[in-house]
Amino acid sequence: MLAALGALAWLGSRWWMKRKNLAPTILLGADVHGLLIRELTPTQDHTRTIPWTDVHAVAAYKIDLFSFDTIALGFQLANGTRLEFCEEVEGWSDLAQGLHHYLPGCIPFHEWFKPVAFPAFQTNFTEIFKRETALQVELHQ
């Protein structure tokens, strides 16, 4: 019962934030230093940089939203944190197309996009980057 009330309170707060235009707008970017995540609200402008060395893996996949799909990029960080960004987020396309410049060994956009996008309404999960650990490097040698 408490969990249900908590979920309703959370949904209500999200509705209120959206209604009052308080939900953050997310803008994505990238540079040689890392993944840039900018959160804008009417009262704050906060940019977070995640160093490329902290990115352990990246996957591209689709999310079925009933009547349409959205393509997402999922990032797994070295500390276990997972981040997900859908293609509707501003800056997503430039980030997706440029990842292979910042993450050596990352599959380029032109190679992964069509297999992820088609066929429709299937997840088409594709790992496009995975950092080799010291153990993996040792085993390859």
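Structure shown above.
In this report, we go over the structure that sits alongside the text.

1. Overview of the pairing of strand β1 (residues 25-31)
Two elements, β1 and strand β2 (residues 34-40), share seven bridges in a ladder whose sense is antiparallel. Counterpart to Ala30 in the pairing with β2 is Leu35. What sits between the antiparallel neighbours β1 and β2 is a turn of two residues.

2. Side note on the nonpolar core
Counting residues in each nonpolar core, the largest one holds 26 residues, and the members touching the most others are Val55, Val58, Leu73, Phe75, Leu99 and Trp112. Counting only elements with at least two residues in this core, the list comes to β2, β4 (55-64), β5 (69-77), β6 (82-86), α2 (92-102), α3 (109-117) and β7 (126-130).

3. Here's the deal with the environment of Thr81
Checked against the element boundaries, Thr81 lands in the loop between β5 and β6. Once the C-alpha coordinates of Thr81 and Val55 are considered, the two residues, 26 residues apart in sequence, prove to be 9.6 Å apart. Non-local contacts of Thr81, meaning those with residues more than four positions away in its chain, are made with Phe75 and Gln76. For Thr81, the side chain forms a polar contact with the side chain of Asn79, separated by 2.8 Å.

4. So, the sheet that holds β7
Sheet architecture is open: four strands sit in the order β6-β5-β4-β7, paired in antiparallel fashion. Every other strand in the sheet has two partners, leaving β6 and β7 as the edge strands with one partner each. Here the average twist between neighbouring strands, direction ignored, is 20 degrees. Of the strand pairs in this sheet, β4 and β7 are connected by four bridges, and their pairing is antiparallel. Across the sheet, Ala59 pairs through a bridge with Glu127, a residue of β7. Along the sheet, α2 makes contact with β4, β5, β6 and β7, crossing β5 at roughly 55 degrees.

5. Quick notes on the layout of surface pockets
Within this model, the second largest pocket holds a volume of roughly 160 Å³. Together, Ala57, Val58, Ala59, Tyr61, Gly74, Phe75, Gln76, Arg82, Leu83, Glu84, Phe125 and Glu127 line the second largest pocket. Of all the secondary structure elements, the ones that give two or more residues to the lining of the second largest pocket are β4, β5 and β6. The element contributing the most residues to the lining of the second largest pocket is β4, with four residues.

6. A few points about the packing of aromatic side chains
For any pair of aromatic rings, geometry is given as the distance between the ring centres together with the angle between the planes. Considering all chains together, one arrives at seven aromatic pairs under this definition. Look at Phe109 and Trp112: their rings are 5.1 Å apart centre to centre, the planes differ by 80 degrees, and that puts the pair in the edge-to-face class. You can see Phe109 and its partner Trp112 sitting in helix α3, three residues apart, about one turn around the helix. Across this residue pair, the class does not change: Phe109 and Trp112 are buried. Every member of this aromatic cluster is reached through a ring pair, and the members are Trp92, Phe109, Trp112 and Phe113.

7. Structural notes on the pairing of β4
The buried count for β4 comes to seven of 10 residues, which makes it a mostly enclosed element. Taken together, the nine bridges between β4 and β5 define a ladder with antiparallel strand orientation. Each bridged residue has a counterpart across the sheet, and for Ala60 the counterpart in β5 is Leu73. Once β4 ends, the chain turns through four residues before running back antiparallel as β5, passing Phe66 with a positive phi of about 75 degrees.

Criteria and thresholds
- Residues numbered from 1 in each chain as written.
- Predicted model: local features only at pLDDT ≥ 70, side-chain atom pairs only at ≥ 80, totals over all residues.
- Heavy atoms only, no water.
- Pairing = 2+ DSSP bridges.
- Helix = DSSP H or I, 4+ residues; strand = E, 2+ residues; numbered from the N terminus.
- Core = buried A, V, L, I, M, F, W, Y, C linked by side-chain atoms within 4.5 Å.
- Buried < 20%, exposed > 50% of the residue type's maximum accessible area, 1.4 Å probe, protein only.
- Contact = heavy atoms within 4.5 Å.
- Polar contact = N/O pair within 3.5 Å; in protein donor to acceptor, adjacent residues only side chain to side chain.
- Axes fitted to C-alpha atoms, helices over the stretch in contact; angles between N-to-C directions.
- 1 Å grid on protein atoms, 1.4 Å probe; cavity = no way out; pocket = protein on both sides within 12 Å on 5 of 7 lines; lining within 4 Å.
- Points joined across faces, edges and corners; volume = space filled by probe spheres on them.
- Phe/Tyr/Trp six-rings, centres within 6.5 Å; stacked < 30°, edge-to-face > 60°.

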